[in-house]
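Chain by chain, the residues:
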Amino acid sequence: MKKNIALLVCFVLAIGSYAQIKYETIKSYKLDENRKIKIQLPRDYERNNVKKYPIILVLDGDYLFEPVAGNTDYLAYWEEMPEAIVVGVMQGESRVDDSSYDDLNYLPEKKAASFFEFIGHELLPEISKNYRTSNFKIVVGHGITANFINYYLYKDKPLFQGYINLSPDYAFKSEERLLEKLSKIDTKTWYYVATGSNDVSAIRENTLKINGSLEAIENENLQYSFSNFENGSHYTVAAQAIPKALSNIFSMYPPISKKQYKEVILKLEGEETPYDYLVTKYDNMRKLFSLNSQIRINDFIAISTALEKKQDWESLQKLGDLARKEHPELMLGNYYLGTFYEQTGEPKKAMRAYENGFLQEEAAFLTKDMLLQKIERIKEDFGY
């Protein structure tokens, strides 16, 4: 009996370590029908009851939800992007009607106009009401639904910050409208387009033409990316494009890499210090992605190593204060402050900082034995 209980506990814990998939039905008054949706919640959604998550809305959820949800979970696991709530809208045979547009103004008509309002006025508010969502939203579409997602971009206040267009079947006048909107957009916007050498000829030619115009846009608020995959077809493009699009949108999110450390941080000159680089990185993440991200231990270590190499002790003191604020339970901050005081000729303050750190939890390579050695060395050197 005890063995069976133990196995059950292990099974439940295993389930909790994976992203959760839910299936729901939403009553739409705009469409006058029920719509089925799929929702993937992040792995830690139940464990962390205050954290909020970006939304990734996926049209063509019948077949596109799984690759988007899978890549989101995978990239988030490796800290290449933040965890996110993925919502897939089931469209099935209604996708053509959902995406239709008027032959004169090339804007949503009839059921597509209702579907447009369903997304903005019913679905997203319902998701935000029932789940912990941040203000950062991405939308994904394929073919005709990739064209459809751009109608949200044309609004005075776009509904989404990120647009992933997979082999987009753009409507007439799209080039003109995109060029006008993206040239003047005054909020940070990520716009990604993908096609392939084996894409539908008409779609590929039009996409390449529009890309030529979009690449020429000079707007610091626009982050535009384009992919032309060799041998990619209208259907296989998605498998290649989704992880690349997500990585592009969240390019500033991953931990500081060895390449960044060597090629960027160590080469900083003038007024910007490695400490400033770290603060700016996380300020931008919090501002752009509506995240309340705690600064990673890995990033503290990378920056402290650079500061010690540059002998920038003043910045190391600021880093110590920041580490104590971000991770008050860890000895990290007191270690940096102790090092600062040692290097600036204040051994008593250094010893006090190390002693305070000794009472805290170990962090990364920092151990209590290491701090104890530093304390004993200061006592021997100065006779305390």
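To be clear, the structure that these remarks concern was listed above.
The structure reproduced in this document is the subject of the present report.

Calculation notes
Residues numbered from 1 in each chain as written. Predicted model: local features only at pLDDT ≥ 70, side-chain atom pairs only at ≥ 80, totals over all residues. Heavy atoms only, no water. Helix = DSSP H or I, 4+ residues; strand = E, 2+ residues; numbered from the N terminus. Contact = heavy atoms within 4.5 Å. Areas by Shrake-Rupley, 256 points an atom, 1.4 Å probe, with all protein chains shown as cover. Expected span 1.5 Å × (residues − 1). Buried < 20%, exposed > 50% of the residue type's maximum accessible area, 1.4 Å probe, protein only. Patch = residues over 30% accessible without salt bridge, like charges linked within 9 Å, V, L, I, M, F, W, Y side chains within 5 Å. Salt bridge = Lys/Arg side-chain N within 4 Å of Asp/Glu carboxyl O. Core = buried A, V, L, I, M, F, W, Y, C linked by side-chain atoms within 4.5 Å. Arc of directions from axis to C-beta. Phe/Tyr/Trp six-rings, centres within 6.5 Å; stacked < 30°, edge-to-face > 60°. Lys NZ or Arg CZ within 6 Å of the ring centre and 35° of its normal.

A few points about the overall build of the chain
Thinking step 1. Looking only at helices and strands, the chain has 15 helices and 8 strands in total.
Thinking step 2. If one aligns the C-alpha atoms of the chain with their principal axes, the spans along those axes are about 90 × 65 × 40 Å.
Thinking step 3. Nonlocal contacts in the chain, meaning residues at least 24 apart in sequence, comprise 71% of its contacts between residues at least 6 apart.
Thinking step 4. Carbon together with sulfur atoms contributes 50% to the accessible area of the chain, which is approximately 19,600 Å² in total.

Focus on helix α2 (residues 61-77)
Thinking step 1. Look at α2: 22 Å from first C-alpha to last across 17 residues, which is about the 24 Å you get at 1.5 Å a residue.
Thinking step 2. Those residues of α2 lying buried are Gly61, Leu64, Phe65, Val68, Ala69, Asn71, Thr72, Asp73, Leu75 and Ala76.
Thinking step 3. Directly beyond the C-terminal end of α2, a positive phi value near 60 degrees is found at Glu79.

Brief notes about a nonpolar patch on the surface
Thinking step 1. Together, Tyr74, Tyr77 and Trp78 line one region of the surface with nonpolar side chains, adding up to about 410 Å² of accessible area.
Thinking step 2. Along the polypeptide, Tyr77 turns up in helix α2.
Thinking step 3. The exposure class assigned to Tyr77 is partly exposed, which follows from its relative accessible area of 48%.

As for the nonpolar core
Thinking step 1. Core analysis: the biggest nonpolar cluster contains 70 residues, and Ile56, Val140, Ile164, Leu278, Phe300, Leu319 and Tyr336 have the highest contact counts within it.
Thinking step 2. The next biggest cluster of nonpolar side chains, apart from the first, holds 44 residues, and it includes Tyr106, Ile119, Leu124 and Leu214.

Quick word on helix α14 (residues 347-358)
Structurally, the α-helix is built with 3.6 residues per turn, so residues lying three or four positions apart point the same way.
Thinking step 1. Here α14 contains 12 residues, and its C-alpha end-to-end distance of 16 Å stays within 8% of the 16 Å for a straight helix at 1.5 Å per residue.
Thinking step 2. When we look at burial in α14, the residues that qualify are Pro347, Ala350, Met351, Ala353, Tyr354 and Gly357. End-on view of α14: buried residues confined to an arc of 160 degrees, all on one side of the axis.
Thinking step 3. Tucked inside the fold, the buried residues of α14 contact α13 (332-343) and α15 (368-382).

A short note on the packing of aromatic side chains
Thinking step 1. All chains considered together, the criterion is met by 25 aromatic pairs.
Thinking step 2. A centroid spacing of 5.7 Å and a plane angle of 35 degrees characterise the contact between Tyr45 and Tyr53, whose relative ring orientation is tilted.
Thinking step 3. Since its relative accessible area comes to 7%, Tyr45 is described here as buried.
Thinking step 4. A relative accessible area of 0% means that Tyr53 is categorised as buried.
Thinking step 5. One aromatic cluster is present, built from ring pairs that chain together Phe115, Phe116, Phe118, Phe148, Tyr151, Tyr152, Tyr154, Phe160, Tyr163, Tyr191 and Tyr224.
Thinking step 6. Above the plane of the ring of Tyr29 lies Lys27, whose end atom (NZ or CZ) is 5.9 Å from the centre.
Thinking step 7. Positioned over the ring face of Tyr253 is Arg296, at 4.6 Å from the centre of the ring.

Take it as geometry only, folks, not as evidence of what the structure does.
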